[in-house]
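Results of the structural survey
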Amino acid sequence: MDIDKLLTELVHKGGSDLHLKVGAPPIMRKKTKLCTLSSDLPIINNHTIDQLIAPILTDNYQEQLREYGSVDLGYGLKGIGRFRFNIFFQRGSIRVAVRHIPHNVPLFNDLNLPMEILNIVNKAERGLILVTGATGVGKSTTLAAIINHINKTKNKHILTIEDPIEFLIQDHHSLITQREMGVDCYDPHLALKSALRQDPDIILFSELRTKDVISTALTAAETGHLIFSTIHTQEAAETINRILSVFSSVEQQSVRLVLSSVLKAVFAQRLIPKKDGTGYIPAMEILINNYRVQKEIEKQHSSTEQIRKIMTESKNHWGMQTFDQHLIEMMKQKLISKRDANRFSTSAEKIKLISSGISFENQFEKYMNQSAPEQITKTQDISSTGLSLKTKTNAS
């Protein structure tokens, strides 16, 4: 077996991921299903997998693999595309997971992302914009589409620090500088710190992980740069506490003040299976740092639930939305099934309530208007959810 031939076959068969594991044949993911890449390929053994990764695992990457137990790297195959490799140990043997990155940089309009994201990006000149979500939900693809949109519409110096580089972005109206961890730079904090001396207007940093990196990113945003990055949080509202958690209790209040002033927006992403079974579609949560959100961040004990409430109430005027609101929209458009809307929602009960056309606030107001003209003392069901309200009203 040859790694280039395996990758070529993966692309030709329309697969998105390739799995190489000792004791199994090469496995690909096509749409949502796992299946063998080819019935002609043999079971992989330790010798085979060592031979497969030898051409791409340089001495530096071998050292990282030995020290950390896993390594990420990018690999390009001319005429086929680029690939993101994660090579790691599993039960004492090498295991490989490969993601095919399409050759062309994705266009924002092709990703089914809410247009409100572009409205925010187009207006932003400085500050911090984060894309969050679990591994494999398309954060890097979303960021690449955003950066490519800026590249085609604005005259900026865009500097990226990626681990690894996935999409190769060519200069259009902007000047693009792409640096890869493990190839062009080695220490994430130093790479980001030195970026500030390289005259960038916009910096894309692949992930905010450590206290030093987060501090430097906040400083960069505070000094007039526009920073894009990712964080592994499931929801937009959780991101605030995730950032604060890396700092000591003594530092947190000053960090709150900086974060409340530089944060522009948080886009949280989940991939939902399409109802027609042809792949996935992104569900997006959008948090915009308006006055109410800013004041909540500044509080000593900011409430995730309160931020989520602000998002829910700010959809019409600010363009914010929660996962549940977006899932309901996609369900009504028949893009996703009701089952998957419930499965991927933050609150399945709320999905059921809203999708059935019931709003607690509206039902409460209707009940009070009906009850006001007469003197009543009773318990009355408000909705099919089992909620009830006991009230006593006096006629005026």
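Details of the structure are given in the entry above.
Quantities reported herein were computed from a predicted structural model and do not represent experimental measurements.

A look at the overall build of the protein
For the protein, the count of helices and strands is 16 helices and 15 strands. The buried share among the 396 residues of the protein stands at 48%. At a minimum sequence separation of 6, the contacts of the protein that also span at least 24 residues come to 56%. For the protein, the accessible surface area stands at approximately 19900 Å², while carbon and sulfur atoms represent 49% of it.

Regarding the environment of L287
Residue placement: L287 occurs in strand 13 (residues 280-288). Take L287: its relative accessible area is 1%, and that puts it in the buried class. Along the sequence, L287 and F267 sit 20 residues apart, while their C-alpha atoms lie 6.5 Å from each other. Excluding residues within four positions of it along the chain, L287 makes contact with A236, K264, A265, V266, V293, I307, M311 and M320.

Quick word on the sheet that holds strand 10 (residues 202-205)
A sheet is described by the order of its strands in space; here 7 strands give the open sequence 9-8-10-11-7-12-13, paired in mixed fashion. Sheet topology places strand 9 (175-180) and strand 13 at the edges, where each strand pairs with a single neighbour. Taking the axes of each pair of neighbouring strands and ignoring which way they run, one obtains an average angle of 15° across the sheet. Pairing geometry for strand 12 (residues 263-273) and strand 13, over 9 bridges, is antiparallel. Pairing of A265 across the sheet is with I288, part of strand 13. Strands strand 7 (127-132), strand 8 (157-162), strand 9, strand 10, strand 11 (226-231) and strand 12 of the sheet are contacted by helix 5 (residues 139-153), whose axis makes an angle of about 165° with strand 11.

Considering the environment of L259
Among the secondary structure elements, L259 is positioned in helix 9 (residues 249-262). With 19 residues separating them in the primary sequence, L259 and I240 have C-alpha atoms 8.4 Å apart. Among residues more than four places away in sequence, those in contact with L259 are L128, L218, I240, I243, N289 and I297.

Topic: the packing of helix 4 (residues 115-123) against helix 5
Relative to each other, helix 4 and helix 5 sit at 50°, their axes nearing to 11 Å. The orientation of helix 4 relative to helix 5 falls into the category oblique. The element helix 4 and its partner helix 5 pack so that their crossing is right-handed. For the pair helix 4 and helix 5, the contacting residues are I117, L118, V121 and N122 in the first and I146, H149 and I150 in the second.

Let's talk about helix 1 (residues 3-12)
Inspection of helix 1 places I3, L6, L7 and L10 among the buried residues, and these make up the whole buried set. Looking down the long axis of helix 1, one finds its buried residues gathered within 95° of arc, a one-sided arrangement. Residues K5 and H12 are exposed on helix 1 and point more than 90 degrees away from its buried face. The secondary structure elements touched by the buried residues of helix 1 are strand 1 (17-21), strand 2 (27-30), helix 2 (46-53), strand 4 (70-77), strand 5 (81-90) and strand 6 (93-101). N-cap assignment for helix 1: the residue whose side-chain oxygen lies 3.0 Å from the backbone N of D4 is D2. Note on helix 1: the residue one or two positions beyond its end, G14, has a positive phi of about 80°.

Points about the side chain of S314
Of note, S314 is situated in the loop between helix 11 (304-313) and helix 12 (315-318). Owing to a relative accessible area of 4%, S314 belongs among the buried residues under this scheme. For S314, the residues in contact, after removing those within four places along its chain, are N290, R292, G319 and M320.

Examining the sheet that holds strand 2
Spatially, 3-2-1-6-5-4 is the arrangement adopted by the 6 strands of the open sheet, whose pairing is antiparallel. Edge positions in the sheet fall to strand 3 (33-36) and strand 4, since each has one partner strand and no second. Strand-to-strand twist in this sheet, taken as the mean axis angle between neighbours without regard to direction, amounts to 25°. Contacts between helix 3 (residues 59-68) and the sheet are confined to strand 4, strand 5 and strand 6, with strand 4 contributing the most and set at about 150° to the helix.

Cut-offs and rules
Residues numbered from 1 in each chain as written. Predicted model: local features only at pLDDT ≥ 70, side-chain atom pairs only at ≥ 80, totals over all residues. Heavy atoms only, no water. Helix = DSSP H or I, 4+ residues; strand = E, 2+ residues; numbered from the N terminus. Buried < 20%, exposed > 50% of the residue type's maximum accessible area, 1.4 Å probe, protein only. Contact = heavy atoms within 4.5 Å. Areas by Shrake-Rupley, 256 points an atom, 1.4 Å probe, with all protein chains shown as cover. Pairing = 2+ DSSP bridges. Axes fitted to C-alpha atoms, helices over the stretch in contact; angles between N-to-C directions. Parallel < 35°, antiparallel > 145°, perpendicular 65-115°, else oblique. Left-handed = near helix turned anticlockwise from the far one by under 90°. Arc of directions from axis to C-beta. Polar contact = N/O pair within 3.5 Å; in protein donor to acceptor, adjacent residues only side chain to side chain.

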